[in-house]
Amino acid sequence: MEEDHAPGACKHSLNLPSISPTEPLSTETLASLRSLIVNPSTPSPAISSIIETLTRSLQLSRDPLRTLKLLSDLAARHPHLSALVFHSVRSDSLLSTESTRVAAESLDVLASIAERNRELSPAVEEIDDRLFASLCFSPSPAIRPWLLRNAERFGVQPYLLSSLFLGFTKDPYPNVRKAALDGLVGLSKSGVIDDGDMIRGCYFRAGELLNDMEDGVRSAAIRAVFAWGLTLMACDSEAKAYWSDEVFVKICSMVRDMSMEVRIEAFYALGKIGMVSEDILLQTLSKKVLVATKEKKSLAQCSDEQLEVSGSSVAGAFMHGLEDEFHEVRKAACHSLGTLTILSSKFAGEALNLLMDVLNDDSMLVRLQAFETMHQMATFGHLKVQEKHMHMFLGTLVDRNTLTRSAARKVLKLAKLPDLKLFRSTIDTLLDNLEMCPQDEADILNVLFRIGRNHGKFVVRIIEEVSQQMEPVSNGKLGFDNVRVGALLVLAISAPLSQERDCSIPPSIFSYAVTYLGRISHALSDIIHQDGLLNYLSQCSRSSGPYDMEFDFSARELPGSIAMPLPQKRGGTSEILSPTVKKPREAGNSLVEYSLDVQDEVTKSMNVVLEKVKDIWPFVQAGFMTEGLRTLRSCREESATLTSGSIASGGIFAFMMQYIKIMKLLAKAWVNFLPSRHLPSSGMGDLEFALAKLDARLSELKSTFIGLSKVEELHILELILVTCMLKLSKVEICCHLGTLRKLSCTMAHAESLLEDGTFEPSRFLIEVRKLLSEIGTSLNGSSCNPILFRRVLESFFLERLVLCGGLKHIKADLDIPDNDYEHPLRFVAGLPVGIPCHITLHNVSVESRLWLKMTANGIDDTQFVYLDSNLFGGCDDHRIVMFTAPFYKTPKAFSFTVSVCICMEYLSEDEDVSFLKRCGPRHELTSLCREKEVFLSMVK
């Protein structure tokens with residue numbers, strides 16, 4: 001008899017496995033049902049039938065875990081059926097079963113469905129709290145920590161949770177104790193516990209576990225002590241100072257722990273405490289118990305079980321940390337010092353003696369953290385530089401490492417030097433630094449300008465001594481190649497901006513400075529625009545002082561400029577010296593609520609690195625590849641260090657790494673087109689590969705970052721045009737039609753960015769525009785002479801890229817759980833196999849078209865699986881899904897591997913999306929993650 005088939009129906013829907021209504025489902029049947037569930041072409045009636053079958057199987061199976069997993073996958077892939085699956089699982093007796101694992105898995109399924117369908121959340125919260133508590137007391141040690149970690153998903157009452165967490169901190173299994181402590185930390189942050197006795201009970205129980213035998217438990221205990229200590233301070237304002245000292249001392253007792261991870265946790269916790277007595281802070285810097293600490297009353301009077309805490313608990317805590325054998329601990333100790341020195345100027349002065357020794361640390365990361373700590377001290381006016389410190393500090397200004405020199409100069413910008421002798425030594429060292437490291441000229445001139453604004457009278461004395469060096473050498477001409485003269489001029493013109501009186505500089509000095517206008521304005525680009533600087537120098541050159549300070553430093557904003565108006569000084573040093581640092585609020589011994597704008601700081605640092613990237617182009621044009629590649633390598637290392645540990649800098653760091661790789665590829669391709677060089681011995685194949693890779697990298701850079709400004713996008717488009725020109729310049733490797741089409745489309749995009757007149761096109765863009773108008777878009781590429789394209793390339797010069805910040809990186813994380821060479825997935829040759837994929841998307845919008853690309857090694861064919869954005873839970877910034885991808889082309893082999901990655905496709909608005917889903921991508925794809933290798937082995 002003939003059957004009527006619905007259009008597009010999957011063939012599997014016509015051959016549903018034979019299922020007995022009274023017997024549990026076999027493994028083979030479950031596998032067949034899974035293949036139907038993951039197949040996007042399976043019709044809706046078949047899916048409905050599968051739900052009924054699986055629901056019935058829950059009641060018949062003794063081990064329904066696989067059935068629950070299939071129901072969870074089905075609800076994820078078919079959101080419109082999630083409510084039906086939810087109520088099916090909820091109505092069964094699985095939650096009250098004797099199997100704790102089955103009940104926990106059922107709760108997980110219900111919570112997962114509710115997280116994707118918010119309308120079902122109230123139903124999850126209605127689950128009986130007694131059921132959750134009874135499951136927690138199951139004999140299975142693997143279920144208890146999972147339940148404790150996921151308690152907040154099930155809406156359990158806070159006071160019941162606190163009792164459970166406190167009880168399980170005495171569990172014999174360390175992973176359970178750790179999960180209970182982490183649960184207490186989360187409970188404290190929620191702020192729902194307001195009972196004083198309960199808060200103190202949580203705090204002291206966490207304190208007892210500081211002596212636990214397991215490292216992980218002690219680390220969790222430190223976090224819990226800190227969290228509940230903050231809660232105690234908030235709820236008991238009258239004893240806030242007492243509790244802050246108590247918490248500080250308790251955590252200090254852990255800085256000598258045998259575990260490195262525990263010590264790191266302790267030091268980072270110390271740096272977060274916002275109020276500490278000065279005598280306790282000073283005791284952390286001395287191993288000898290101080291008199292003030294001996295006379296201080298006991299800090300641990302809240303519990304009969306606690307012993308009195310003496311000064312030995314905190315004695316030399318930071319000394320031990322800075323002398324630790326592991327650089328991670330030393331870095332953590334140094335970081336905490338930076339936040340605590342804000343509390344006390346006396347403590348900051350004593351800590352500076354230790355920090356000077358840290359400048360000799362073996363680890364560059366520790367040394368850079370020491371400089372950052374000094375910078376924080378200077379920001380709040382607590383950096384009291386003494387003569388005994390200067391020899392060590394000034395030595396870092398001439399260090400071989402670029403980052404060390406830059407960090408030291410960053411501190412000098414805010415430092416206040418006490419006398420003329422130290423000031424003169426600092427200036428001499430900076431001048432020596434300038435002669436030894438001419439590549440640092442811009443930064444050194446910037447430092448000299450800022451130091452001069454802080455020490456106006458000292459500058460006048462220095463200029464009086466060296467004024468003869470700044471006079472014209474002969475015939476009224478200045479020595480333009482004398483960098484020392486330029487540096488002294490920058491120092492001189494900064495003096496009138498000081499708040500100190502009688503800082504008059506001869507007017508002729510300002511006239512001389514005008515001749516260095518370009519170099520000085522470049523160095524001071526973060527302070528003043530060139531127009532404002534010229535106005536300032538012109539007015540000062542016509543006046544012998546005192547100077548009128550009403551100059552216009554707020555020149556017009558330029559595209560991509562990072563310059564800002566020069567602020568007027570109103571007192572202190574930090575306000576005028578660091579325009580990107582927010583003004584600190586006054587607060588006794590409390591830690592001020594102070595934070596740097598991380599994104600702006602990182603962007604500014606990256607722009608400094610990009611200036612060095614631009615400087616490689618003269619080397620490339622001259623054919624000196626070694627020097628250019630060495631500079632790029634240095635820029636890559638510097639970028640990695642500047643962004644380490646900063647979450648907000650992730651997008652900028654990814655962009656910089658991609659951009660530096662592109663510059664490396666462009667340099668390697670460009671040298672093949674220089675007239676003075678022969679083609680490399682590797683031949684045209686490698687050149688073609690390099691250009692193809694350069695093209696792919698540029699497309700990836702353009703498509704995987706959100707928040708590109710017009711300046712940044714125009715820069716990338718220009719590089720794409722250069723790549724097209726390079727291809728068309730070589731007859732052997734150019735694909736004329738495709739490359740010409742891309743050249744025309746890219747130029748049209750660039751024209752659209754230029755049409756509002758905000759930006760002027762570069763000479764290269766003008767030449768490309770002329771060439772395209774000459775050859776016409778309808779001509780066949782074969783009729784175009786490659787010489788025409790080479791001539792246009794001669795007009796290209798790499799301009800500096802200026803980042804505006806706010807970049808977000810579009811990427812994905814792909815994980816294949818429980819799969820490696822020793823644990824392959826099982827398959828039957830010729831039949832589909834499901835590949836479980838744990839996917840996390842970052843900054844990927846719902847409108848994006850995503851594909852899972854799968855290629856079996858040894859098979860010249862690629863399979864694509866469409867990823868429906870509705871499957872993913874969360875927001876655009878962070879979305880997660882567990883997805884089982886069907887792979888149909890299993891070969892007749894004992895084992896094989898499949899390379900899997902996530903790709904994104906860009907479609908025009910008029911595309912037939914449904915057609916694309918069935919047939920695969922038809923446009924250019926961009927990989928969002930690295931390929932993941934999946935191991936498979938045949939079922940014997």
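Residues numbered from 1 in each chain as written. Predicted model: local features only at pLDDT ≥ 70, side-chain atom pairs only at ≥ 80, totals over all residues. Heavy atoms only, no water.

Draft legend 1. Focus on the nonpolar core. Counting residues in each nonpolar core, the largest one holds 187 residues, and the members touching the most others are Ile251 and Phe423. Ignoring sequence-local partners within four residues, the contact set of phenylalanine 423 consists of Leu417, Ile451, His455, Phe458, Val459, Ile462 and Leu491. Residues Leu665, Phe673, Leu719 and Leu807 belong to the second largest nonpolar core, which totals 67 residues. (Core = buried A, V, L, I, M, F, W, Y, C linked by side-chain atoms within 4.5 Å. Buried < 20%, exposed > 50% of the residue type's maximum accessible area, 1.4 Å probe, protein only. Contact = heavy atoms within 4.5 Å.)

Draft legend 2. Broad picture of the side chain of glutamate 718. Note that glutamate 718 resides in helix H36 (residues 710-728). One buried charged residue, glutamate 718, remains without a salt bridge, the closest side chain of opposite sign being arginine 763 at 10 Å. Not counting chain neighbours up to four residues away, the residues in contact with glutamate 718 comprise Ser762, Phe764, Leu765 and Phe796. (Helix = DSSP H or I, 4+ residues; strand = E, 2+ residues; numbered from the N terminus. Lys, Arg positive; Asp, Glu negative; His and termini not counted. Salt bridge = Lys/Arg side-chain N within 4 Å of Asp/Glu carboxyl O.)

Draft legend 3. Geometry of the confidence of the model for the protein. Averaged over every residue, the pLDDT of the protein is 78; the share at 70 or more is 80%. The spread of mean pLDDT over the elements of the protein runs between helix H30 (residues 574-577), the lowest at 28, and helix H14 (residues 260-270), the highest at 93. Below a pLDDT of 50 lies the segment residues 548-597, which in the model reaches 101 contacts outside its immediate sequence neighbourhood of four places, other chains included. This stretch, residues 908-918, has a pLDDT under 50; its non-local contacts, to residues over four places away or in other chains, come to ten contacts. (pLDDT = per-residue confidence, 0-100.)

Draft legend 4. Summary view of the packing of aromatic side chains. With the rule as written, the count across this model stands at 20 aromatic pairs. An aromatic cluster of three or more residues is present, and its members are Tyr203, Phe204, Tyr242 and Trp243. (Phe/Tyr/Trp six-rings, centres within 6.5 Å; stacked < 30°, edge-to-face > 60°.)

Draft legend 5. Region of the structure containing the environment of arginine 630. Along the chain, arginine 630 falls in helix H33 (residues 625-642). Separated by 14 residues in the primary sequence, arginine 630 and isoleucine 616 have C-alpha atoms spaced 9.3 Å apart.

Draft legend 6. Quick peek at helix H22 (residues 402-412). Burial of H22 is extensive: eight of the eleven residues sit out of reach of the surface. When H22 is considered as a whole, its buried residues turn out to be Leu403, Thr404, Arg405, Ala407, Ala408, Arg409, Val411 and Leu412.

Draft legend 7. Here's a closer look at the packing of helix H24 (residues 441-454) against helix H26 (residues 483-494). Between H24 and H26, the least distance of the axes is 7 Å, while the angle of their chain directions is 30°. In terms of their interaxial angle, H24 and H26 are classed as roughly parallel. Considering how the two elements wind past one another, H24 and H26 form a crossing that is right-handed. Between H24, through Glu441, Leu445, Leu448, Phe449, Gly452 and Arg453, and H26, the contact on the second element is made entirely by Val483, Gly486, Ala487, Val490, Leu491, Ile493 and Ser494. (Axes fitted to C-alpha atoms, helices over the stretch in contact; angles between N-to-C directions. Parallel < 35°, antiparallel > 145°, perpendicular 65-115°, else oblique. Left-handed = near helix turned anticlockwise from the far one by under 90°.)

Draft legend 8. Representation of the pairing of strand S5 (residues 833-842) in the model. Among the ten residues of S5, seven are classified as buried, and the element is accordingly described as predominantly covered. Pairing geometry for strand S3 (residues 811-815) and S5, over five bridges, is antiparallel. Bridge assignment links lysine 811 to a residue of S5, and that residue is histidine 842. As defined by bridge partners, S5 adjoins strand S9 (residues 878-887) across nine bridges and the pair is classed as antiparallel. Bridge pairing in S9 places cysteine 837 opposite phenylalanine 883. (Pairing = 2+ DSSP bridges.)

Draft legend 9. Spatial organisation of unusual backbone geometry. Positioned with a positive phi, aspartate 818 is a non-glycine residue whose angle comes to about 55°. The residue aspartate 818 is located in the loop between S3 and strand S4 (825-827) in this model. On the basis of relative accessibility, which here comes to 72%, the residue aspartate 818 falls in the exposed class. Of note, asparagine 843 is a non-glycine position whose phi angle comes to about 60°, a positive value. With respect to the helices and strands, the residue asparagine 843 is situated in the loop between S5 and strand S6 (849-856). Residue asparagine 843 is classed as buried on the basis of its relative accessible area of 15%.

Draft legend 10. Main features of a nonpolar patch on the surface. On the surface, Val828, Leu831 and Val939 cluster together into a nonpolar patch covering about 250 Å² of accessible area. Assignment of secondary structure puts leucine 831 in the loop between S4 and S5. (Patch = residues over 30% accessible without salt bridge, like charges linked within 9 Å, V, L, I, M, F, W, Y side chains within 5 Å. Areas by Shrake-Rupley, 256 points an atom, 1.4 Å probe, with all protein chains shown as cover.)

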